[in-house]
Amino acid sequence: MTKFKGLAKYLLVQFLALFIFVPGLAAANLESEVEPRNLRINEINYNPPGDDSKYEWIEIINTGIEPIEIITGSGGNALRIIDNKGKHIFVPIESTFGDGILEAGEFAVLIRNFEGFNEIYPDYEGELFKVSINLNNTADSLGLAVGSSGESWDLVNYQNSWGADGNGKTLEKINPNLENQELNWQESANNGGSSGI
C-alpha cells in the first residue's frame, strides 16, 4: 500500500511539473477554452459630431449567463475588434472603474480616445477599453475575434442609411441576440446614445 501511494505521489508531481515547465502546453489549454462568443456588438458611434478620432466608440454586451473575462493585449487568447483596417487589440485603461470581467448582461465600451469620451460621458463608470478603431462614416464591417488568426463572429455591415449619420445619435441594436440585419438596428432616441446603459 505504501509503495502504491509513493507511485501515485510521484506521478502527480510529474504531471504538475509538465504544466509548470512547459508553459506552451498550459497556454494552449487556456486558449482553447477562451471563446467569448456570447459577446455581441450592441451600439456604434461611427459618425459623431466633431473629431472622429476623439469621439468614435463601439459598445459590446455579454449576452450569455456566465461572466466573460476581457483578455487584453496581443496574446493568442486576447480579444480583438475588427474594422476596415484589420483586427485591433484591447488596451485596458487603468483610470476607469472596470475589473476586466463582463457579467451577464453587462456592457463595455471600446473607445479611440479617453479624453474625448470622458468629455461627453463624464459619469460613465463601466468597463472601458482603448482600441485603434477607425470607423467609416458611410459604411463599414465590424466584428469580434480571439487572437490575430481566430475566426470572427457577430459581423455587422452597417451603412449610414441606417441612421445616426452625423446627427448626434448612435446606432443601437434592438435585440443583441438576433442577426445583424438592418431591421435589427435603429437610431438612438437620445443624442449621444446610451453607452453602457
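Heads up: these notes are all about the structure in this document. Because the structure is a prediction, the values reported are computed rather than measured.

Moving on to the nonpolar core. Ranked by size, the top nonpolar core spans 28 residues in total, and within it I41, I44, I60, I81 and F90 carry the most contacts. Only β1 (39-45), β2 (57-62), β4 (79-83), β8 (107-111), β10 (139-146) and β11 (153-159) provide two or more residues apiece to this core. Contact partners of I41, with chain neighbours within four places excluded, come to I58, E59, I60, I81, L142, G143, L144, D154, V156, K173 and W185. The next biggest cluster of nonpolar side chains, apart from the first, holds eight residues, and it includes I93, V109, I111 and F117.

When you tally the buried positions in β8, you get five out of five residues, the bulk of the element. Covered by surrounding structure in β8 are F107, V109 and I111 together with A108 and L110, the residues of both alternating faces. As a crossover connection, the stretch from β8 through helix α4 (residues 114-120) into strand β9 (residues 127-130) is right-handed.

Attention now moves to the side chain of E56. Looking at the secondary structure, you find E56 in the loop between α3 (52-55) and β2. A distance of 3.0 Å separates a polar atom in the side chain of E56 from a polar atom in the side chain of R112. Excluding residues that lie within four positions of it along the chain, E56 makes contacts with N45, Y46, P48, L110, I111, R112, I133, N134, L135 and N137.

The next point concerns unusual backbone geometry. With a phi close to 55°, D154 is a non-glycine residue in the positive phi region. By secondary structure assignment, the location of D154 is in strand β11. Classification of D154 as buried rests on a relative accessible area of 13%. A positive phi angle, close to 60°, is found at A164, a residue other than glycine. Mapped onto the elements, A164 comes out in the loop between β11 and β12 (171-173). Given a relative accessible area of 1%, A164 falls into the buried group.

A word on the pattern of salt bridges. Scanning the entire structure with this criterion turns up three salt bridges. We note a salt bridge from R112 to E56, for which the minimum N-O separation is 3.0 Å. Residue R112 is located in the loop between β8 and α4, and its partner E56 is located in the loop between α3 and β2; the two are separated by 56 residues in the primary sequence. Among the salt bridges present, the one from D154 reaches K173, with a minimum N-O distance of 3.4 Å. Of the two residues, D154 sits in strand β11 while K173 sits in strand β12, which places them 19 residues apart along the sequence. Across this residue pair, the class does not change: D154 and K173 are buried.

Mapped onto the elements of the fold, P67 is located in the loop between β2 and β3 (68-69). Measuring from C-alpha to C-alpha, the distance between P67 and P36 comes to 9.5 Å, with 31 residues separating the pair along the chain. Once you skip the residues sitting within four places of it in the chain, P67 turns out to touch N62, I101, L102 and E103.

A word on the sheet that holds β4. Spatially, β5-β4-β10-β11 is the arrangement adopted by the four strands of the open sheet, whose pairing is antiparallel. The sheet is open, and its two edges are formed by β5 (86-89) and β11, each paired on a single side. Across this sheet, the average inter-strand angle for adjacent strands is 20°, counted without regard to direction. Where β4 and β5 come together, four bridges link them in antiparallel fashion. Of the residues in β5, the one forming a bridge with R80 is I89.

What counts, and where the lines are drawn
Residues numbered from 1 in each chain as written. Predicted model: local features only at pLDDT ≥ 70, side-chain atom pairs only at ≥ 80, totals over all residues. Heavy atoms only, no water. Core = buried A, V, L, I, M, F, W, Y, C linked by side-chain atoms within 4.5 Å. Buried < 20%, exposed > 50% of the residue type's maximum accessible area, 1.4 Å probe, protein only. Helix = DSSP H or I, 4+ residues; strand = E, 2+ residues; numbered from the N terminus. Contact = heavy atoms within 4.5 Å. Right-handed = clockwise from strand over helix to strand, strands pointing away. Polar contact = N/O pair within 3.5 Å; in protein donor to acceptor, adjacent residues only side chain to side chain. Salt bridge = Lys/Arg side-chain N within 4 Å of Asp/Glu carboxyl O. Pairing = 2+ DSSP bridges. Axes fitted to C-alpha atoms, helices over the stretch in contact; angles between N-to-C directions.

All we've got here are geometric facts, nothing functional implied.
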